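Structural description and commentary
Now for the letters of each chain:
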Amino acid sequence: MTKKIQMKQILTMTWTMKATMKNNDEIALILVAAGSSSRIGFDKTGTKIKKEYLPMNGGTVLSNAAKVFLSTLDFTTVVVTYPIADNAEAMQENEQKSKDALFSDDFVKNYKAKFIFVPGGKTRQESVLDALEAINENSPDCSLVFIHDGARPFLKSETVEITYRAASEFGAAVPGLQPTETQKKIDENGFIVKHLVRSSLTAVQTPQVFKFEPILEAHRLAAESKKTFTDDTEIWDEYVAKHRDKNGEPYFHVKVVMGDPENKKITYPKDIASL
């Protein structure tokens, strides 16, 4: 079987049945929204735009992102990270803005889950670890955790379902898209040094879904190492996939399932037009 066929099978994996949860499943959702939105710019009044708090469909970008998850699976815990500030008053204000944005949608506001708001760290990696620690403290029996960009509101239920199923089976899952352009590796001077095989590449999105205990321990080890990782799948591969579980069984690498071209992250001013 060729690599091209193997990758095609990975990226077209899907399930038509609605995701079913085990009775003892406790799953958590982390919405990462502690960034500064530096690339999105300012509004007409000169106020810095916080992209996750922009209005969308009667709610906000953040509430729309949350609603897809909460209407698809039964989450017991939802953690939202918000920007850190220099003083207690500003921190309290940032927390309230985060709550207002999330609960701007009545469905989300009335959802029966434990909602936790935590100040983010200096980096996304630090923010995710803080959120994982909050889950460990408040919901220690959590089995799976979804980690999702709060500025990615165009997610569909199908992606939530297939990542849940894949992570339940393999321990970790992420949606991915095969690049449409031919990919090359270049050196520090901008010259091509390697011709990559497009069929063996994928551009990953969120949600990234993991067994809770392994990803928590992996993030702790990553923090101790002082290394900066590109995303949570890299942390999993570095500290989990190379090892065995408590029963001596090897962990899988992160399973890639079919992503969605519409599952875009709001990053630049032009992206606001799609809201």
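Placed above this text is the structure.
What counts and how
Residues numbered from 1 in each chain as written. Predicted model: local features only at pLDDT ≥ 70, side-chain atom pairs only at ≥ 80, totals over all residues. Heavy atoms only, no water. Axes fitted to C-alpha atoms, helices over the stretch in contact; angles between N-to-C directions. Helix = DSSP H or I, 4+ residues; strand = E, 2+ residues; numbered from the N terminus. Parallel < 35°, antiparallel > 145°, perpendicular 65-115°, else oblique. Left-handed = near helix turned anticlockwise from the far one by under 90°. Contact = heavy atoms within 4.5 Å. Salt bridge = Lys/Arg side-chain N within 4 Å of Asp/Glu carboxyl O. Buried < 20%, exposed > 50% of the residue type's maximum accessible area, 1.4 Å probe, protein only. Phe/Tyr/Trp six-rings, centres within 6.5 Å; stacked < 30°, edge-to-face > 60°. Lys NZ or Arg CZ within 6 Å of the ring centre and 35° of its normal. Core = buried A, V, L, I, M, F, W, Y, C linked by side-chain atoms within 4.5 Å. Expected span 1.5 Å × (residues − 1). Pairing = 2+ DSSP bridges. Polar contact = N/O pair within 3.5 Å; in protein donor to acceptor, adjacent residues only side chain to side chain.

Orientation of helix H5 (residues 124-138) relative to helix H7 (residues 212-225), taken along the N-to-C sense of each, is 135°, at an axis distance of 10 Å. Overall, the two elements H5 and H7 adopt an arrangement that is oblique. Crossing of H5 against H7: the hand is left-handed. For the pair H5 and H7, contact is made by Gln125, Val128, Leu129, Leu132, Glu133, Ile135 and Asn136 and by Phe212, Ile215, Leu216, His219, Arg220, Ala222 and Ala223, respectively.

Another point: the pattern of salt bridges. Applying the stated rule across the entire model yields 14 salt bridges. Asp105 serves as the salt-bridge partner of Lys67, at 3.3 Å between the closest nitrogen and oxygen. Remark: Asp105 occurs in the loop between helix H3 (88-102) and helix H4 (106-109) and Lys67 occurs in helix H2 (residues 61-70); sequence separation between them is 38 residues. Residue classification places Asp105 among the buried residues on the basis of a relative accessible area of 12%. In this structure, the salt-bridge partner of Arg152 is Asp149, at a minimum N-O distance of 3.0 Å.

Turning our eyes to something else, we now look at the packing of aromatic side chains. Counted by the stated rule, this structure contains 10 aromatic pairs. Between the aromatic rings of Phe69 and Phe146, the centroid separation amounts to 5.8 Å while the plane-to-plane angle is 75°, which identifies the pairing as edge-to-face. Of this pair, Phe69 sits in helix H2 while Phe146 sits in strand S6 (residues 144-149), placing them 77 residues apart in sequence. Accessibility assignment for this pair places Phe69 and Phe146 in one class, buried. Aromatic ring contacts, followed pair by pair, group Phe69, Phe75 and Phe146 into a single cluster. In this arrangement the basic side chain of Lys50 is found over the ring face of Tyr53, its NZ or CZ atom lying 5.8 Å from the centre. Taking NZ or CZ as reference, Lys255 lies 5.1 Å from the ring centre of Phe170, over its face.

Within the largest apolar cluster, 33 residues are counted, with the highest numbers of intra-cluster contacts made by Leu62, Phe75, Leu102, Phe115 and Phe146. Counting residues per element, the ones that place at least two in this core are strand S1 (27-32), H2, strand S4 (75-82), H3, strand S5 (114-119), S6 and helix H6 (157-170). Take this core: its biggest share by element is six residues, from H6. With residues up to four places along the chain from it excluded, the contact list for Phe115 reads Leu70, Val78, Leu102, Phe103 and Val108. Membership of the second largest hydrophobic core comes to 31 residues, among which are Ala28, Val128, Leu132 and Val240.

Attention shifts here to H6. Across its 14 residues, H6 extends 20 Å between first and last C-alpha, which sits within 8% of the 20 Å expected from 1.5 Å per residue. Most of H6 is tucked away, with 10 of its 14 residues classed as buried. Restricting attention to buried positions, one finds in H6 the residues Thr159, Val160, Glu161, Ile162, Thr163, Tyr164, Arg165, Ala166, Ala167 and Phe170. Downstream of H6 by one or two residues, Gly171 has phi in the positive range, about 100°.

As judged from the four bridges shared by S6 and strand S11 (residues 208-211), these two strands associate in the antiparallel manner. Each residue of the ladder has a partner; that of Ile147, found in S11, is Gln208. The pairing of strand S7 (residues 172-177) with S11 spans two bridges and is antiparallel. Across the sheet, residue Ala172 finds its bridge partner in S11, namely Phe210.

Looking at where Tyr239 falls in the secondary structure, it is placed in helix H8 (residues 232-239). Residue class for Tyr239 comes out buried when judged on its relative accessible area of 18%. Counting along the chain gives 17 residues from Tyr239 to Ala222, while the straight-line C-alpha distance between them is 7.8 Å. Discounting chain neighbours no more than four positions away, the residues touching Tyr239 are Ala218, Leu221, Ala222, Ser225, Lys227 and Phe229. Within polar-contact distance, the side chain of Tyr239 engages the side chain of Ser225 at 3.2 Å.

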